[in-house]
Amino acid sequence: MSRYTPEEKVKIARDPGRPGTADFIAALFTDFFEQRGDRLCGEDPSILGGIARFHGRPVTVIGHRKGKSLEENLRCNFGMPSPEGYRKAQRLMRQAEKFSRPVITFVDTPGAYPGKEAEERGQGEAIAQTLALMSALEVPTIAVVTGEGGSGGALALAMANRVLMLEHAVYSVLSPEGFASILWKDASRAGEACGVMKLTAQDLRRGGIVQGVLREPEGGAHTNWEAAFRTVDAALVKELAALDKLRGPALARQRYEMFRAMGQGLPPAGREEP
Amino acid sequence: MNQTFSRRRDRLLTYRAMREGKITSSRRTGCPECGEESASLEWERGLWVCPQCGFHRPIDAYYRLANILDPGSFQELEEGLSPADPLSFPGYPAKLAGLEQSTGLRDAAVAALGKVDGHKAVFAVLDSRFLMGSMGTAVGEKVARAAEYAARKKLPLIIFSASGGARMQEGIFSLMQMAKTAAAIRRFQSGGGLYISCFTYPTTGGVTASFASLGDIMLSEPGALIGFAGPRVIEQTIKEQLPEGFQRAEYLLDHGFLDRIVPRSQWRAVLAQLLALHEKGGRA
Ligand SMILES: [Zn+2]
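Residues numbered from 1 in each chain as written. Chains lettered and ligands numbered in written order. Predicted model: local features only at pLDDT ≥ 70, side-chain atom pairs only at ≥ 80, totals over all residues. Heavy atoms only, no water.

A word on the overall build of chain B. When helices and strands are tallied, chain B shows nine helices and nine strands. Its C-alpha atoms give chain B a radius of gyration of 19 Å, near enough to 19 Å, the size a compact globule of 284 residues would have. The dimensions of chain B, computed from C-alpha atoms along their principal axes, are 55 × 50 × 45 Å. The buried share of chain B, taken over its 284 residues, is 56%. Taking all contacts inside chain B whose residues are at least 6 apart in sequence as the whole, residues at least 24 apart take part in 67%. Of the roughly 11900 Å² of accessible surface on chain B, a fraction of 49% belongs to carbon and sulfur atoms. A gap of 6 Å separates the mean positions of the 34 positive and 29 negative side-chain charges of chain B. (Helix = DSSP H or I, 4+ residues; strand = E, 2+ residues; numbered from the N terminus. Rg over C-alpha atoms; globule rule 2.2 N^0.38 Å. Buried < 20%, exposed > 50% of the residue type's maximum accessible area, 1.4 Å probe, protein only. Contact = heavy atoms within 4.5 Å. Areas by Shrake-Rupley, 256 points an atom, 1.4 Å probe, with all protein chains shown as cover. Lys, Arg positive; Asp, Glu negative; His and termini not counted. Charge placed at Lys NZ, Arg CZ, Asp CG, Glu CD.)

Let's shift gears to the sheet that holds strand β8 (residues 217–220) of chain B. Residue and element names in this part refer to chain B. Strand order across the open sheet formed by seven strands is β3-β4-β5-β6-β7-β8-β9, with mixed pairing between neighbours. Of all strands in the sheet, those with a lone pairing partner are β3 (75–77) and β9 (260–261), marking the two edges. Inspection of the sheet shows β3 paired to strand β4 (residues 109–116) by three bridges, in the antiparallel sense. Across the sheet, glutamate 76 pairs through a bridge with alanine 112, a residue of β4. Running at roughly 5° to β4, helix α3 (residues 61–68) makes contact with β3, β4, β5 (119–126), β6 (157–163) and β7 (195–203) of the sheet. (Pairing = 2+ DSSP bridges. Axes fitted to C-alpha atoms, helices over the stretch in contact; angles between N-to-C directions.)

All names here are of chain B. Its location among the elements puts glutamate 279 in the segment after α9 (267–277). Given the relative accessible area of 46%, glutamate 279 is considered partly exposed. There is a polar contact of 2.7 Å between the side chain of glutamate 279 and the side chain of histidine 119. (Polar contact = N/O pair within 3.5 Å; in protein donor to acceptor, adjacent residues only side chain to side chain.)

So, on to the interface of chain A and chain B. Taken residue by residue, the interface counts 53 residues in chain A and 59 residues in chain B. Summing the contributions of chain A and of chain B, the shared interface buries around 4500 Å²; its carbon and sulfur component is 69%. Our count for the chain A to chain B interface comes out at two salt bridges. Note that A:Arg260 is salt-bridged to B:Glu148, the shortest N-O span being 2.6 Å. For the pair chain A and chain B, the interface holds 11 residue pairs in polar contact (both at pLDDT 80 or more). For the side of chain A that touches chain B, the elements supplying multiple residues, two or more each, are α5 (116–120), α6 (123–136), α7 (151–155), β7 (170–172), α8 (176–184), α9 (190–197) and α12 (248–260) of chain A. Looking at the side of chain A that touches chain B element by element, the count peaks at 11 residues for α6(A). Here the residues of the side of chain A that touches chain B are counted per class, giving 30 nonpolar, 13 polar and 10 charged. (Buried area = accessible area lost by both parts, 1.4 Å probe. Salt bridge = Lys/Arg side-chain N within 4 Å of Asp/Glu carboxyl O. Nonpolar A, V, L, I, M, F, W, Y, C, P; charged D, E, K, R; others polar.)

So, about the packing of aromatic side chains. A complete count under the given rule lists 12 aromatic pairs over all chains for this structure. Site record: aromatic cluster; members linked through ring pairs are A:Phe24, A:Phe29, A:Phe54, A:Phe106, A:Trp225 and A:Phe229. (Phe/Tyr/Trp six-rings, centres within 6.5 Å; stacked < 30°, edge-to-face > 60°.)

We now examine a nonpolar patch on the surface. On the surface, a cluster of nonpolar side chains totalling about 320 Å² of accessible area is made up of A:Leu70, A:Leu74 and A:Phe78. Structurally, A:Leu70 is set in helix α3 (residues 70–75). (Patch = residues over 30% accessible without salt bridge, like charges linked within 9 Å, V, L, I, M, F, W, Y side chains within 5 Å.)

Turning to the packing of α3(B) against α9(B), a few remarks are in order. All names here are of chain B. Close contact between α3 and α9 brings their axes to 8 Å; oriented N to C, the two are set at 65°. As summarised for this structure, α3 and α9 are arranged roughly perpendicular, according to the angle between their axes. On the side of α3, the interface is formed by Arg64, Asn67 and Ile68, while α9 contributes Trp267, Arg268 and Leu271. When its residues are assigned to classes, the contact of α3 with α9 shows three nonpolar, one polar and two charged. (Parallel < 35°, antiparallel > 145°, perpendicular 65-115°, else oblique.)

All right, on to the coordination of the zinc ion then. Residues and elements named next belong to chain B. Protein ligation of the zinc ion involves Cys31 (SG), Cys34 (SG), Cys50 (SG) and Cys53 (SG), the donor distances falling in the range 2.2 to 2.4 Å. Around the zinc ion sit four donor atoms, and with donor-metal-donor angles ranging over 106 to 115° the site reads as tetrahedral. We note that the donor set of the zinc ion lies within a single chain, spaced as C-x2-C-x15-C-x2-C. With cysteine 31 in the loop between β1 (28–30) and β2 (37–39) and cysteine 50 in the loop between α2 (40–45) and α3, this residue pair connects regions lying 19 residues apart in the sequence. Residue class for cysteine 31 comes out buried when judged on its relative accessible area of 5%. (Donors = N, O, S within 2.8 Å, 3.2 Å for Na, K, Ca; no water. Tetrahedral: all angles 85-135°; square planar, octahedral: opposite > 155°, others 65-115°.)

What follows deals with the domain arrangement of chain B. Residue and element names in this part refer to chain B. Annotation of chain B at the domain level lists domain 1 (1–55) and domain 2 (58–283). Domain 1 and domain 2 are separated by 23 Å when their C-alpha centres are compared. At the interface, 14 residues of domain 1 touch 19 residues of domain 2. Regarding the contact of domain 1 and domain 2, the summed buried area is about 1300 Å², with carbon and sulfur atoms giving 55% of it. (Domains from an automatic or database assignment.)

The next point concerns the pairing of strand β6 (residues 162–166) of chain A. Residues and elements named next belong to chain A. Burial analysis of β6 places five of its five residues in the buried class, which makes it a mostly covered element. Bridge analysis of strand β5 (residues 141–150) against β6 gives four bridges, and the strand direction is parallel. The residue of β6 that forms the bridge with valine 144 is leucine 164. Across three bridges, β6 lies against strand β8 (residues 212–214) in parallel orientation. Residue pairing for β8: leucine 166 is matched across the bridge by leucine 214.

Moving on to the nonpolar core. Core analysis: the largest hydrophobic core is formed by 163 residues, its most contacted members being A:Phe29, A:Tyr171, B:Leu157, B:Ile196, B:Phe211, B:Leu219 and B:Leu271. For this core, the element with the most residues is helix α6 (residues 171–190) of chain B, which contributes 11 residues. In this view, B:Leu219 contacts B:Ile196, B:Ser197, B:Cys198, B:Phe199, B:Leu258, B:Asp259, B:Arg260, B:Val262, B:Trp267, B:Val270, B:Leu271 and B:Leu274; residues no more than four positions away in its chain are not counted. With 11 residues, the next largest nonpolar core counts B:Met18, B:Leu47, B:Trp48 and B:Ile59 among its residues. (Core = buried A, V, L, I, M, F, W, Y, C linked by side-chain atoms within 4.5 Å.)

As a further point, take unusual backbone geometry. Residues B:Tyr201 and B:Pro202 are joined by a peptide bond in cis, for which omega reads -20°. With respect to the helices and strands, the residue B:Pro202 is situated in strand β7. Of note in the backbone geometry, A:Ser100 takes a positive phi value of approximately 55° without being a glycine. By the element assignment, A:Ser100 lies in the loop between α4 (83–98) and β4 (103–109).

With that out of the way, let us pick up the side chain of B:Thr103. All names here are of chain B. With respect to the element layout, threonine 103 can be found in helix α4 (residues 92–103). Given a relative accessible area of 12%, threonine 103 falls into the buried group. For threonine 103, the side chain forms a polar contact with the main-chain oxygen of leucine 99, separated by 2.6 Å.

This is how it looks when you write it as structure tokens:
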């Protein structure tokens, strides 16, 4: 049993002192070479990505970036990507497949940015295409939800063969505030929403949405980065070794079947078909 | 179920009789877009497009199919697929039961096999009467099964979207339907399948950010609101008012996200043309 309520976990998951994508990259990878731009119209710093070595092996690493200082927060739009960010991620994933590199993603975003320009440039299309692309990649993919997994903007980087979550991270269809205001027309009931949404790593593991929960150090990842890095590193090594046993088409099939099965309690497909 | 079916048939027969002028009525219906009232008969003759301003009012899935398919070609698929309550969300099962009673639908999507001008295709149509066409597990599953069925039968897939986005009451399971449907569409297309995506008023959130944006051909009814974030959320975020026409079909056409805008009366002709152009998979 966890000592924290779902509402407390949402607070912890959003703690600015938690290690972010840039911190995980610096600690777990070597030779990081950042790749910028979507090759269409822009560069979105709220998604950080590039090539790096993981235990000596070239991989593609991509994640949401919230930024550490206020200046950085603003530049990264507090981790809320625009279509350019998702299209950059697509570009990096296609390259990863071309060069047979595994893809490792770090997920930490309040959601995709609900802005005017983002809509104008096709936020929905960008997320949809990222999902479609990830679903069929013939290289191993692992996603780690490290903080806040907010909505489609998080899912777009999390359609992986294995989805892992830090113990106090959260992952949900919408922010608890948005959920409360849509369902109950009252954003102040966000605390109550946390309770019914089943957004904790433990609930999601039980529901078959994530495949592993990574233990955080006593007090949470923000109190002891080194311990959090060691845990994530060990989990990635283990999952990557397991996925290395599958060939490209089998990796795509495993991923397809895993997401295809989400949403239980439904009857099997009709037997007599016209 | 039989009761539901006969109610549905009665309604379609009534519509037809109204179109043919066999029924007259003095009832009037207001337009949610321009606020003007018109005779209900006028609305019906125009397929529920506002006689004053041209607003394409949401229509139910069976009515839409009845106006597009060749008579007698409709065969419903996966009719028994019913919704789940994966979060045991308070009040949700009662809400679903009430909506099934009032709409005759199990959930917000109808899948069918049908023909347009003799061309066979698989259809999935979202119905906004059912919780704003939001995508829960049953909608995601139905779209995925329609895509898989179309792949097995080597038939084109045509989806009409109308959705407020994710089904909040199904939480994270609702979110995962974006992944499920995007993957199913991708697999269908990789196998050479033609997917025509048709937007209708309104389509937002997780449906826009998954299967609805992945069409080989992208079409929309005039004036349809299409977006990822809803206009109110955007206005709250950027703290300014959005310009007239923002996120409407015409705006998306201008920004390169649609192939064409199709008025309601032209769906049959446009779909028939596209299906004919893709016959034999493009081989002579
Ligand atoms: Zn009107």
